[in-house]
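# Observations on the model geometry
Chain by chain, the residues:
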Amino acid sequence: MAIIVRRVNSVRSELPKLKLKRLFVLTILSFSSFYVQADWRFAPAIETRLDAYDRTFENGVTAKDEVLSLEPKLNAIFDGHKVDGSFSVKHTRILPNDDELSKARSYTSYGVNAKSEFLDNLLKFQLMADQDYLVRDPSDSLSSSTVTAPERFTKVRRMSGSLLFSLPNPVWFGMDMGGQASKSEADAIEGPDTPGFNNETYGANVRFYRGKNIRYVDWNISASYNNTKREVSDDFESRVVNAKFSFPLFMKDLRFVLTGQDEKNEFGSNRVEFSDAYDQTSYGAGLEWFVSDSRYITVTVNRIEKSLNDQEQDYLGLDLKWAFSSRTSIGANYGKRFYGDSYDFSLIHSTRDIRTLIGYHESITTRSRITQNNVDMVIVCPVGDTQFENCFQPEVGYELLPGEQSFDFQQQVPELSEEVYLRKSANIDLSWTRRKLTLGIGANKGSTDYLESNRQRDNQSIAIRAIYKLNRTTDVNFSANVAEYQFETEEVPDKTQTVGLGLTKELGRNITTSVNLRYLDRDSSQPSNTLIDKRISASLTYNF
């Protein structure tokens, strides 16, 4: 104990830097008794893979090699009385076929996700942590790997925690309130570090709404606050307050509505401050056709006041949410923000075999604030499954269970930095399952405006995944991708096209083998990025 006390005193000066990490560790220790009492399911495995590739660049340079990879991994799911969660870890050892032992590399990835509920579900807690290897530039996501281009990757560690309290059985009024904290760190694998991604984010949110015994007036008031402490720039501080009041008129379903919103975004860099350019206040009144919380149409006349140059503008706003059935719903919103017109749209449609998502969204955020919470899904896969195997089509409103993840078709994320950006993105995702065939298609088109460096990058992509079961032990899989990235200052886009074909065979209860072929063609304004990559991979996996 004395040693521990001396150690704590020696690092007291570093307390602000370690605050979030200590909170993370203490939280794990405080719930350790629940983990011990949980029902654990372990799935250890080891995979041996051989990759043979042939890369030809525009400048005539070629690169050929055979690379052996050893990859032990462990997936675990725990189900306890108070705590549910999952844990996964994977260690990859890469051994190129040459005499330069310095090229042998090791990579360790892990992920932890735990959820707890207390006081009859009044209090909910979630804890997440992971370590992964991400490309610095998203245009490298299809053409680069840690085998062929480790210098383009960065090791990223993230951990976060959130707490949510919900008032039970809201008779007169309801209330939800919560808080969250997260921390991100990045280290280069090779070459110089990429500064600017190390950060901490703290946030809080609260919502008040009408109780079930209130009949003649409806209200919904919400507020959120987030502050991201960035390594090389000033803090990014954002606050949003929304309020909506409605009263019935001559008809039961017709209401008079009052709305208001106040938004503040304060951030900057060593070059310039943006504290006044992105603030706004809007308010309005109108009519609403209200059937239920999932079926309403609201039209309002509004006025927006922008801090930038004291601008004022009137506009007609629309808010639509309509569930036609338990399988089909649509949502739409039109308004104005400090950058001009603002749109949001979503359509969800499900049948027995087909699930379709269509959406358009806009947001002011940073890379570390992107989360996957409350995201609609068309395909759900086990954690770590990137080949579309063992995946299924979820029901509408499906919530991920421990050990599950949403399959990401697009992989469209901004570059690895903490610059504040305005993201506009439209997507169409579709999945189709029928007997032995599972098919998934995802298309995306968007733009990213980096507000602090005055840059804009456009992207568009389409991805196709298919898997066909030849029999009980044999699968054939197919994949194709086309992705384009282009800065507004570039004359030609950076375009990557890939096509892949694979065969997976179960040799027994514990052994699985696979063979995969891939062809990649990338065109870029930079000769070092223009290449053709031909690759064949063979793997053998033993599941303990």
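Residues numbered from 1 in each chain as written. Predicted model: local features only at pLDDT ≥ 70, side-chain atom pairs only at ≥ 80, totals over all residues. Heavy atoms only, no water.

This paragraph deals with the overall build of the chain. Within the chain, the secondary structure is distributed over three helices and 26 strands. Expressed as a percentage of the 544 residues in the chain, the buried residues total 40%. Residue pairs at least 24 apart in sequence account for 53% of intrachain contacts in the chain once pairs closer than 6 positions are excluded. Total accessible area on the chain stands at roughly 29600 Å², and carbon and sulfur atoms take up 56% of it. (Helix = DSSP H or I, 4+ residues; strand = E, 2+ residues; numbered from the N terminus. Buried < 20%, exposed > 50% of the residue type's maximum accessible area, 1.4 Å probe, protein only. Contact = heavy atoms within 4.5 Å. Areas by Shrake-Rupley, 256 points an atom, 1.4 Å probe, with all protein chains shown as cover.)

Let us now look at the pattern of salt bridges. In this structure the tally under the stated criterion is 33 salt bridges. Between Arg 535 and Asp 533 there is a salt bridge, with its nearest N and O atoms 2.9 Å apart. Here Arg 535 matches Asp 533 in class, with each residue buried. (Salt bridge = Lys/Arg side-chain N within 4 Å of Asp/Glu carboxyl O.)

Turning to its location among the elements, Asp 218 is positioned in strand S9 (residues 218-230). Residue Asp 218 is classed as buried on the basis of its relative accessible area of 15%. Engagement of the side chain of Asp 218 in a polar contact is seen with the side chain of Arg 210, the distance being 3.1 Å. (Polar contact = N/O pair within 3.5 Å; in protein donor to acceptor, adjacent residues only side chain to side chain.)

Locating Val 112 in the fold gives a position in strand S4 (residues 105-118). On a C-alpha basis, the gap between Val 112 and Ala 129 in space is 5.1 Å, while along the polypeptide they are 17 residues apart.

Here strand S16 (residues 340-350) pairs with strand S17 (residues 354-365) via six bridges, running antiparallel. The partner of Leu 347 across the bridge, within S17, is Ile 358. Connecting the antiparallel pair S16 and S17 is a turn made up of three residues. Direction of pairing for S17 relative to strand S20 (residues 421-434): antiparallel, over a ladder of twelve bridges. (Pairing = 2+ DSSP bridges.)

Within this structure, the stated rule accounts for nine aromatic pairs. Plain terms: the ring middles of Trp 40 and Phe 42 are 5.5 Å apart, the flat faces sit at 5° to each other, and that makes the pair stacked. The class of Trp 40 is partly exposed, set by a relative accessible area of 31%. Between Tyr 334 and Tyr 343, the aromatic rings sit 5.2 Å apart at their centres with planes inclined by 45°, giving tilted as the arrangement. (Phe/Tyr/Trp six-rings, centres within 6.5 Å; stacked < 30°, edge-to-face > 60°.)

Notably, Arg 435 is not glycine yet its phi reads approximately 55°, a positive angle. Of note, Arg 435 is situated in the loop between S20 and strand S21 (437-450). Judged by its relative accessible area of 83%, Arg 435 is exposed.

A few words on the environment of Gly 317. Following the sequence through the fold, Gly 317 ends up in strand S14 (residues 311-323). Distance in space between the C-alpha atoms of Gly 317 and Tyr 334 is 5.5 Å, their sequence separation being 17 residues. With sequence-adjacent residues up to four places away left out, Gly 317 is seen in contact with Thr 298, Val 299, Thr 300, Asn 302 and Tyr 334.

Glancing now at the confidence of the model for the chain. Per-residue confidence for the chain averages 83 on the pLDDT scale, and 83% of its residues sit at or above 70. The low-confidence segment residues 1-18 (pLDDT under 50) makes five contacts with residues lying over four places distant or belonging to another chain. (pLDDT = per-residue confidence, 0-100.)

A few words now on the side chain of Arg 535. Along the chain, Arg 535 falls in strand S26 (residues 531-543). Polar contacts involving the side chain of Arg 535 include one to the side chain of Asp 533, which spans 2.9 Å. In this structure Arg 535 touches Asp 51, Ala 52, Tyr 53, Arg 55, Ser 145, Thr 148, Asn 516, Leu 517 and Arg 518, once residues within four positions along its chain are discounted.

In the sheet, strand S7 (residues 173-188) pairs with strand S8 (residues 199-210) via twelve bridges, with the strands oriented antiparallel. Looking at the pairing, Ser 182 lines up with Thr 201 of S8. Judged from the eleven bridges that link them, S8 and S9 form a sheet pairing that is antiparallel. Bridge assignment links Gly 203 to a residue of S9, and that residue is Asn 226.

As a further point, take the environment of Ile 348. Its place among the elements puts Ile 348 in strand S16. C-alpha of Ile 348 to C-alpha of Asp 429: the two residues are 81 residues apart in sequence and 9.9 Å apart in space.

Let's shift gears to a negative patch on the surface. Taken together, the side chains of Asp 39, Asp 79, Asp 84 and Glu 117 make up a negatively charged region of the molecular surface. What makes Glu 117 partly exposed here is its relative accessible area of 37%. (Patch = residues over 30% accessible without salt bridge, like charges linked within 9 Å, V, L, I, M, F, W, Y side chains within 5 Å. Lys, Arg positive; Asp, Glu negative; His and termini not counted. Charge placed at Lys NZ, Arg CZ, Asp CG, Glu CD.)

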